[in-house]
Amino acid sequence: LAAFEQLSRAGYENIAWLNGGCEAAEAGVIPTIDGKDIRLAGVGGVSGWLGWNPVQQQMEEPSENSELVNNLVKVFVFILGIDVLALAYEFLNAQQ
């Protein structure tokens, strides 16, 4: 909301507020200069790189490889979580 006010004070007249952000818009409803999908405007970081954004998941066609990668990532995160818990347990017991 603060950015909305700043743009208005800077002289921008055609400003719109999107409830739910850019991801809430339907594809092709909001015209863009270069024709890119506006829903991808907020995608970035690790979730954007891995394709874990809901918009990217809608756009992606499911394949056997993506299912395999998703399952491997889940197993890796589970094992990493157990490892972190074991490390914390050892650290707490070593201090006593």
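You'll find the structure just up there.
Thresholds applied
Residues numbered from 1 in each chain as written. Predicted model: local features only at pLDDT ≥ 70, side-chain atom pairs only at ≥ 80, totals over all residues. Heavy atoms only, no water. Helix = DSSP H or I, 4+ residues; strand = E, 2+ residues; numbered from the N terminus. Buried < 20%, exposed > 50% of the residue type's maximum accessible area, 1.4 Å probe, protein only. Areas by Shrake-Rupley, 256 points an atom, 1.4 Å probe, with all protein chains shown as cover. Salt bridge = Lys/Arg side-chain N within 4 Å of Asp/Glu carboxyl O. Patch = residues over 30% accessible without salt bridge, like charges linked within 9 Å, V, L, I, M, F, W, Y side chains within 5 Å.

Peer 1: I would appreciate a short explanation of the overall build of the chain in the present structure.
Peer 2: A count of helices and strands for the chain gives 4 helices and 0 strands. When each of the 96 residues of the chain is scored for burial, the buried share is 7%. Surface exposure of the chain reaches about 8500 Å², of which carbon and sulfur atoms provide 61%.

Peer 1: It is not clear to me how the pattern of salt bridges should be interpreted in this structure. Could you clarify?
Peer 2: Between side chains of opposite charge, a pair can form as their charged atoms come close. Under the criterion given, the structure shown has 1 salt bridge. Close ionic contact of Arg9 with Glu5 constitutes a salt bridge, the shortest N to O distance being 3.6 Å. Here Arg9 pairs with Glu5, and both are found in helix H1 (residues 2-9), just 4 residues apart, close to one helical turn. Judged by its relative accessible area of 70%, Arg9 is exposed.

Peer 1: Please explain a nonpolar patch on the surface as it appears in this structure.
Peer 2: Taken together, Val75, Phe78, Ile79 and Ile82 make up a surface patch of nonpolar side chains, about 400 Å² in accessible area. Exposure remark for Val75: the relative accessible area of 45% places this residue in the partly exposed category.

By themselves, these are just geometric observations and shouldn't be taken as functional.
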